[in-house]
Amino acid sequence: MDWMTRLKTGLWEDNPGLVQLLGLCPLLAVTTSFVNGLGLGIATLMVLAGSNVLVSAARRFLSDEIRIPVYVLIIASLVTCVELSFKAWFPALDRSLGIFIPLIVTNCAIVARAELFASRNPVGPSLADGIGMGAGFLLLLCAIGAFRELLGTGTILGGLDKLIGGEPLAGIAVVDGGWLLAVLPPGAFFSLALAIALKNVIDRRNRATRATPAPRDAGRVAS
Amino acid sequence: MSRHGKNPIAGALTLAAIAAVCATLVAGTWQLTRDRIAANAKAELERNLAPALGGLEYDGSLTAAMVELPPPHGLPGRDAAAIYRVYAAGAPVAALIAVTAEDGYAGPIRMLLGVDTNGVVTGLRILEHRETPGIGDGIAHDRSNWAEQFTGRALGAPPLGRWSIRGDGGDFDQLTGASVTPRAVVKAARDTLIYFDANRETVFAMQSAEEAQ
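Reading guide: rules and limits
Residues numbered from 1 in each chain as written. Chains lettered and ligands numbered in written order. Predicted model: local features only at pLDDT ≥ 70, side-chain atom pairs only at ≥ 80, totals over all residues. Helix = DSSP H or I, 4+ residues; strand = E, 2+ residues; numbered from the N terminus. Buried ≥ 20, exposed ≤ 12 C-beta atoms within 10 Å, placed from the backbone. Contact = placed C-beta atoms within 7 Å. Domains from an automatic or database assignment. Nonpolar A, V, L, I, M, F, W, Y, C, P; charged D, E, K, R; others polar. Axes fitted to C-alpha atoms, helices over the stretch in contact; angles between N-to-C directions. Parallel < 35°, antiparallel > 145°, perpendicular 65-115°, else oblique. Left-handed = near helix turned anticlockwise from the far one by under 90°.

Engineer: An account of the overall build of chain A is needed here, citing residue identities and associated values.
Structural biologist: Helix and strand content of chain A: 9 helices and 2 strands. Its helices and strands in sequence order give chain A the pattern α-α-α-α-α-α-α-β-α-β-α, from N to C terminus. For chain A, the proportion of its 223 residues judged to be buried stands at 46%. Partitioning the intrachain contacts of chain A with sequence separation of at least 6 by distance along the chain shows that 75% fall at a separation of at least 24.

Here is the structure:
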């Protein structure tokens, strides 16, 4: 499989959040603004790409007995490295993401890619898979974050200073005030449901225009 | 995949080798980042020093006469507390005390309380918290003006028994939908004032980190 196919799989066809429905806890919890979504997305992408590379490089030495402990070791180490880096270079973003950076350890999308892909493929394709899946997760986090921020607080790009430094920014006010529910947990579920529905509609349209009576279901769900 | 089969030693050695690689990775990152991380935490605290003084005049730098108190220090919080002594014309005028309210809704709340030598609060700033967005996060100065109600208060005003939120029969406003978060902050502020009241002389007599060197 070439790079483009791997990227497309992660970004769209097998998107970890929209299709595999993995990593929903951070996805629902931190997407209260675009900047928060972007921050956690970058952190997750780095961990996912790194863990895929390391697991793939070590795959010849992994017996069944030590496979899972090795995944845990690698993922936990990478998350610690990413957390320290955020604390050093993006301290404000680290403060607003709080516990959800260390909790990337528990994002099952990462261990799923290690087990399903990286432990069975060479380093190159594993890196492509990690970047594709990570980017798919990142874009979804950004989209839901931007949507909830606009609805909940009426701004776009609020808190951008956490990423680029400088004075605190309230963001570009689009409408006055907001609908608080959107930034509370129920808003996260509504937004994700809308995103999944939108993807299914687009997939159905595409299949209809191609006029290929493909029988497979759009909303394939993995456990 | 069962390469090691019945040989647990080989498996253990592989695991140990990978653990060594991972430990090196983490140790290297820590080496690279630790100075920046310490500097960031200090910068965040110091950004809030002047605002918590509420416009009080002071000599030189606010960070010069800082003391760090390792636990147990008698102030709220399980980790180290910091006190920045503030002087004007060589005489003590106020102290900025960084403490932790351990009983926040979503974890500890780091806060900075400014109090002048008469025991009157000059300002309160939240340094770090994980309270619910849209509800408990109103304690932070960039979210609402809730914390401003502390300015001008002291241990006798209101009386000690009324140093609690309105829902508990006290004099402090809550936040809409949140009582746990404001309750934790009010309690930590009150305990900090009690400490300052009892230790006023000691606080200004302590040797600062710079003097000790």
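Engineer: Tell me what's going on with the domain arrangement of chain B, and back it up with residues and numbers.
Structural biologist: Here the domain parsing of chain B yields domain 1 (1-47) and domain 2 (52-212). Of note, the centres of domain 1 of chain B and domain 2 of chain B, computed from C-alpha atoms alone, are 37 Å apart.

Engineer: Can you break down unusual backbone geometry residue by residue, with the values?
Structural biologist: P72(B) follows P71(B) through a cis peptide bond whose omega is 0 degrees. Relative to the elements of secondary structure, P72(B) occurs in the loop between β1 (66-69) and β2 (81-88). Between A157(B) and the following residue, P158(B), the backbone shows a cis peptide bond with an omega angle of 5 degrees. In this structure, P158(B) sits in the loop between β5 (121-128) and α2 (180-205). For L21(A), which is not a glycine, the phi torsion comes out positive at approximately 55 degrees. Within the fold, L21(A) resides in the loop between α1 (3-13) and α2 (24-30). You can call L21(A) partly exposed: it has 19 C-beta atoms within 10 Å. Of note, the phi angle at A89(B) is positive, near 50 degrees, even though the residue is not glycine.

Engineer: Pulling in residues and values, what's your account of the interface of chain A and chain B?
Structural biologist: The partner chain B presents 24 residues to the 26 residues of chain A that form the contact. Looking at the side of chain A that touches chain B, the elements that each hand over two or more residues are α4 (64-89) and α5 (91-97) of chain A. It is α4(A) that contributes the most residues to the side of chain A that touches chain B, 14 residues altogether. Its residues assigned to classes, the side of chain A that touches chain B shows 16 nonpolar, 6 polar and 4 charged.

Engineer: How would you summarise the packing of helix α7 (residues 123-153) of chain A against helix α9 (residues 185-210) of chain A if you had to cite specific residues and measurements?
Structural biologist: Packed helix pairs are specified by the crossing angle of their axes together with the interaxial distance, meaning the distance between the axes. All names here are of chain A. Two numbers describe how α7 lies on α9: the axes approach to 10 Å, and their chain directions differ by 125 degrees. By the angle between their axes, α7 is oblique relative to α9. Crossing of α7 against α9: the hand is right-handed. On α9, the residues touching L140, A143, I144, F147, R148 and G152 of α7 are G187, A188, S191, L192 and A195. Among the residues forming the contact of α7 with α9, the class breakdown is 7 nonpolar, 3 polar and 1 charged.

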